[in-house]
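Report on the structure
This is what each chain is made of:
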Amino acid sequence: MRPARIDQVVPSFGGRDAIGVHIMHLRGLLRDLCFESDIWCEGTFPDVRGECRLLSELPARPRADTWWLYHLSSGSPVADLIGARAEPKMLDYHNITPGELFGSWVPWAVAEAAAGRRQLDDLTGASFFAFADSAFNEAELRAMRTMPTRVVAPLFDPAALAAAVDQDLVATRREQRAGGGVDWLFVGRVTPSKAQHDLVKALACYRRFFDPRARLHLVGSAMGEDYPRALRRFAARLGLDAAVHLTGPVSDAELAAYYATADVFVSASEHEGFCVPIVEAMHFGVPVVAYRAGAVPDTAGSGALVLDDKSPMALATAVHRVVDDAVVRDRLVDAGAQRSGEFSLERSRARWAAALDEAIQTGPGSAR
Amino acid sequence: MTTEDTAAGEEQARAYLDRVRREIDDEVRRRRAAGDFPPSFERRLDELFARFTPTGVADDHFTEALKLADRSAYFDIDVPIGTRRAPRGFVKWSLWQAEAWFMHYVVSQLNHFAASAMRVLHLLDERLSEVERDVAVLTPPALPEEELLTPGADAAPFLDALRTRLRSHGTSAGRVLHAECGDGSLLASLAASGIDAYGIDPGTAASDRAVQAGLDVRRDEVLGHLESVADEALAGLVLSACVDRLSLAERRRLVRLAEAKVAPGGMLAVIGTMPEAWERRVGPVVADLSPGRPLHPETWAHLVSQIGFADVDHLTDRDGFAVVAAKSSDPPPAGAAFPESRTAEASAGS
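These lines cover the structure that appears in this document, whether it is placed above or below. Here the residue numbers are simple positions, counted from 1 along each chain's written sequence. The order in which chains are written sets their letters, starting at A; the order in which ligands are written sets their numbers, starting at 1. Residue-level local features of this predicted model are given only where pLDDT is at least 70; pairs of side-chain atoms are given and counted only at 80 or more, and the full residue set underlies all totals for whole chains, interfaces and linings.

1. Observations regarding the environment of Pro287 of chain A
All names here are of chain A. Worth spelling out the cut-off: Strands are runs of DSSP state E lasting at least two residues, helices are runs of H or I lasting at least four, and both sets are numbered from the N terminus onward. Residues are scored as being in contact if the C-beta atoms we place from backbone atoms lie within 7 Å.
Mapped onto the fold, Pro287 is located in the loop between helix H10 (276–283) and strand E12 (288–291). C-alpha separation for the pair Pro287 and Asp334, spaced 47 residues apart in sequence, amounts to 9.0 Å. Not counting the four nearest positions on each side in its chain, Pro287 is found in contact with Val264, Val322, Arg329, Leu332, Val333 and Gly336.

Printed below as a string of structure tokens:
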């Protein structure tokens with residue numbers, strides 16, 4: 001039976017991270033499908049405070065004709081709160097980065113990941129349907145419990161990103177590029193699980209054996225202080241302090257400028273539940289070289305060069321091949337454009353509408 | 001376009017990328033084997049980054065980690081009970097009051113345990129620091145690399161003997177490696193005699209000159225390179241220059257590696273400088289501050305015979321010497337590889 005309201009809930013709501021963007025688009029779709037829909041969270045940021053409601057305002061009593069859609073990507077007391085409520089629940093699983101990948105760099109993330117795994121078990125038991133960003137995520141759900149699931153990519157809009165490029169930054173970047181040298185780009189949280197240190201090592205090899213003027217741009221906010229500090233010190237010790245650029249958080253327009261001026265997108269990440277930046281890079285015509293981890297092969301399809309070996313020499317040689325061999329580069333760019341087209345907002349919205357319909361058919365009060 | 005067309009296109013694209021991936025793998029493998037990509041370079045990158053990890057100990061990171069652990073090693077009994085809503089605050093306070101005796105009991109034991117564990121860590125830190133201070137006294141002051149990389153003994157006087165030994169042992173088991181080959185003069189002579197040999201040298205200028213002369217010479221350091229060579233892959237190993245200056249610990253590694261990497265029946269040659277001649281050549285500063293001093297030919301002969309090499313000869317020239325030996329096909333006697341007491345004797349002998 002179709003509910004009147006589907007509310008989304010996420011522990012922390014940021015409007016610009018991949019999950020936050022997906023939630024905003026999904027709320028738009030739910031409202032277009034004539035559901036009432038709000039976003040609930042425990043904490044948020046000033047720029048998106050008006051877009052969401054705080055869980056401290058949530059009535060204690062169950063709300064009639066309302067379903068929850070919980071977004072799970074890490075452990076949080078919010079999962080226990082929602083899990084204990086009586087309203088029907090659905091799960092949108094974005095995957096949980098295994099705690100061991102944070103090592104002793106980000107101790108709190110290790111504990112959060114462990115809590116997240118426990119809550120995943122609880123929530124799959126309490127939910128009647130689960131959405132998964134990728135087949136990789138779905139496999140984790142199925143390994144945990146037999147339940148109705150559907151793979152459906154997160155909602156994001158690479159075309160909108162490409163329409164608002166920071167031209168000042170593009171001009172600055174072009175000046176930097178005038179002296180030559182290949183520009184590597186990686187976009188993602190600066191955290192050990194994304195393995196930016198492996199990119200620095202690969203850049204060191206690339207500069208020594210292929211292009212001594214190459215640069216690496218690491219775009220994204222940091223998770224903790226120790227890892228980015230270690231990256232900077234590592235790069236400095238290698239004499240790469242001017243070649244490795246950690247941008248910190250950037251606006252969408254700045255992000256677009258980095259995509260627009262990159263020669264190659266390189267990922268050495270150890271774990272990905274989907275990896276939106278791979279699709280964004282493809283949309284900008286940037287060839288993608290990525291290590292085969294988590295959902296990367298699912299997302300990349302045949303639009304990226306996915307490697308089984310991410311030793312510095314292997315990554316450097318792969319980047320050299322992609323940058324230097326026009327045939328390989330052109331084929332990757334063409335295939336990437338085709339692949340990114342499959343994740344256009346329009347197509348993804350259609351897939352989500354179908355997935356929601358399937359969930360409703362499965363939900364409480366349905367004939368099934 | 002039909003679904004079949006799309007699927008076929010997808011299949012073609014995957015096949016193309018698979019081919020590119022294989023070509024890249026092959027290129028990496030080929031260039032590693034040829035020494036263009038020295039494995040020691042990748043290893044040094046790993047080692048350097050490891051120094052910046054939280055568990056690394058460089059740059060006093062251990063002390064930082066200990067401070068972090070100190071801060072985390074206290075369990076707070078005073079749970080936050082503040083809230084924006086009075087009734088909820090009262091409930092939290094009531095629960096806290098009801099459970100406080102139990103929580104106090106458990107948490108105080110946890111805090112005792114954490115404090116004891118931290119005390120042990122601090123004691124270990126103190127002891128390690130003492131050891132490091134003692135060891136630092138024994139560590140020779142660093143010398144600029146270009147001062148240490150002085151040319152080794154001239155190999156020319158021993159060339160005929162080396163060629164003869166290499167021919168008699170045969171080189172079918174693999175290539176001959178000349179470690180620290182300088183400008184490659186010995187390699188050129190071996191090549192002219194039809195012996196398949198390559199060289200390594202850590203000095204940029206020397207290795208560049210050798211490459212320009214058409215020789216297979218790679219820029220690499222001896223210990224790292226030997227680590228990356230497969231066991232028993234070398235038909236012969238010629239060690240020069242490095243043998244004059246490596247520290248005692250490094251020389252022990254070198255001997256073990258030589259034993260592992262030379263094929264049975266293969267040849268090992270050590271071309272060194274006579275200790276007295278070395279002092280004259282490098283001058284008092286380098287002689288005093290170098291991490292190691294040359295060993296006498298008798299000492300090298302003794303060492304190589306200890307690790308499974310037979311037919312040991314040593315030839316001497318005015319300033320240099322060559323110790324030449326063949327690796328026995330029989331395994332060395334158990335415990336013979338560079339025993340500690342003999343090492344001490346060898347050092348004293350120099």
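2. Looking at helix H12 (residues 275–289) of chain B
Where we set the bar: Take the residue count of a helix, subtract one, and multiply by 1.5 Å to get its expected span. What the bend at a residue measures is the angle between two axes, fitted to the seven residues ending there and to the seven starting there.
With 15 residues, H12 of chain B extends only 15 Å from end C-alpha to end C-alpha; this falls clearly short of the ideal 21 Å at 1.5 Å per step. Gly283 of chain B marks where H12 of chain B bends most, by close to 120 degrees; the proline Pro284 of chain B follows one to four residues later.

3. A short note on the sheet that holds strand E3 (residues 217–219) of chain B
Residue and element names in this part refer to chain B. Keep this limit in mind: Whether two strands pair comes down to DSSP finding at least two bridges between them. Orientation is described by lines fitted to C-alpha atoms, with helices fitted over the stretch in contact, and by angles between N-to-C directions that extend from 0 to 180 degrees.
Read across the sheet, seven strands follow the order E3-E2-E1-E4-E5-E7-E6 without closing on themselves; strand pairing throughout is mixed. Sheet topology places E3 and strand E6 (309–316) at the edges, where each strand pairs with a single neighbour. Each strand of the sheet is rotated relative to its neighbour by a mean of 15 degrees, with strand direction disregarded. Bridging between strand E2 (residues 197–201) and E3 involves three bridges; their strand directions are parallel. Residue Ile200 lies in a different strand from E3, and its bridge partner there is Arg218. Set on the sheet, helix H8 (residues 204–212) makes contact with E2 and E3; between it and E3 the angle comes to about 155 degrees. Contacting strand E4 (234–240) and strand E5 (262–273), helix H11 (residues 248–261) runs over the sheet at an angle of about 160 degrees to E4.

4. A short note on unusual backbone geometry
Located in the positive-phi region is Cys34 of chain A, a residue other than glycine, with phi close to 70 degrees. Tracing the sequence through the fold places Cys34 of chain A in the loop between helix H1 (18–32) and strand E2 (39–44). Positive phi is not limited to glycine here, since Asp311 of chain B has a value of about 50 degrees. Relative to the elements of secondary structure, Asp311 of chain B occurs in strand E6.

5. With respect to the pairing of E12 of chain A
All names here are of chain A. This is how the line gets drawn: Residues are called buried when their C-beta atom has 20 or more other C-beta atoms within 10 Å, exposed when it has 12 or fewer, and partly exposed otherwise; all C-beta atoms are positioned from the backbone. We call a crossover right-handed when, viewed with both strands directed away from the observer, the connection leading from the first strand over the helix to the second proceeds clockwise.
Side chains Val288 and Ala290 of E12 all project onto a buried face; the interleaved residues Val289 and Tyr291 project onto the opposite face, where all are buried too. Relative to E12, strand E11 (residues 264–267) is paired through three bridges, and the arrangement is parallel. Counterpart to Phe265 in the pairing with E12 is Val288. With H10 bridging E11 and the parallel E12, this β-α-β connection has right-handed handedness. Relative to strand E13 (residues 305–307), E12 is paired through three bridges, and the arrangement is parallel. Residue pairing in the sheet places Tyr291 in a bridge with Leu307 of E13.

6. Considerations on the interface of chain A and chain B
One frequent convention defines the size of an interface as the accessible area lost when the parts assemble. As a reminder of what qualifies: Only Asp, Glu, Lys and Arg are considered charged, only Ala, Val, Leu, Ile, Met, Phe, Trp, Tyr, Cys and Pro nonpolar, and every remaining residue, Gly among them, polar.
With 25 residues of chain A in contact, the opposing surface of chain B contributes 21 residues. Broken down by secondary-structure element, the contributors of at least two residues to the side of chain A that touches chain B are helix H7 (196–209), helix H8 (226–237), E13, helix H12 (312–324) and helix H13 (326–341) of chain A. Take the side of chain A that touches chain B: its biggest share by element is six residues, from H12 of chain A. The residue inventory of the side of chain A that touches chain B, partitioned by class, reads 13 nonpolar, five polar and seven charged.

7. Points about the packing of H7 of chain A against H8 of chain A
Residue and element names in this part refer to chain A. Counted only if it meets this: Our angle categories are set so that under 35 degrees counts as roughly parallel, over 145 as roughly antiparallel, 65 to 115 as roughly perpendicular, and the remainder as oblique.
H8 packs onto H7 with a crossing angle of 10 degrees between their chain directions and a minimal axis gap of 10 Å. Compared by their axis directions, H7 and H8 come out roughly parallel. Between H7, through Gln196, His197 and Val200, and H8, the contact on the second element is made entirely by Leu231, Phe234 and Ala235.

8. Remarks on the pairing of strand E1 (residues 175–179) of chain B
Residue and element names in this part refer to chain B. When you tally the buried positions in E1, you get four out of five residues, the bulk of the element. Here E1 pairs with E4 via five bridges, running parallel. The residue bridging His178 from the neighbouring strand is Val238, located in E4. Here E1 pairs with E2 via four bridges, running parallel. Bridging from a neighbouring strand, Leu177 pairs with Tyr198 of E2. Considered for its hand, the β-α-β crossover made up of E1, helix H7 (residues 185–192) and E2 is right-handed.

9. With respect to the sheet that holds strand E8 (residues 183–187) of chain A
Residue and element names in this part refer to chain A. Ordered in space as E10-E9-E8-E11-E12-E13, the six strands form an open sheet in which the pairing is parallel. Two strands in the sheet have a free side with no partner beyond their single neighbour: strand E10 (244–248) and E13. Neighbouring strand axes in the sheet, compared pairwise and without regard to direction, differ in orientation by 20 degrees on average. As paired elements, E8 and E11 share two bridges and run parallel to each other. Bridge assignment links Trp184 to a residue of E11, and that residue is Val264. Running at roughly 170 degrees to strand E9 (residues 215–219), H7 makes contact with E8, E9, E10 and E11 of the sheet. Across the sheet, H12 touches E8, E11, E12 and E13, and the angle it forms with E11 is around 160 degrees.

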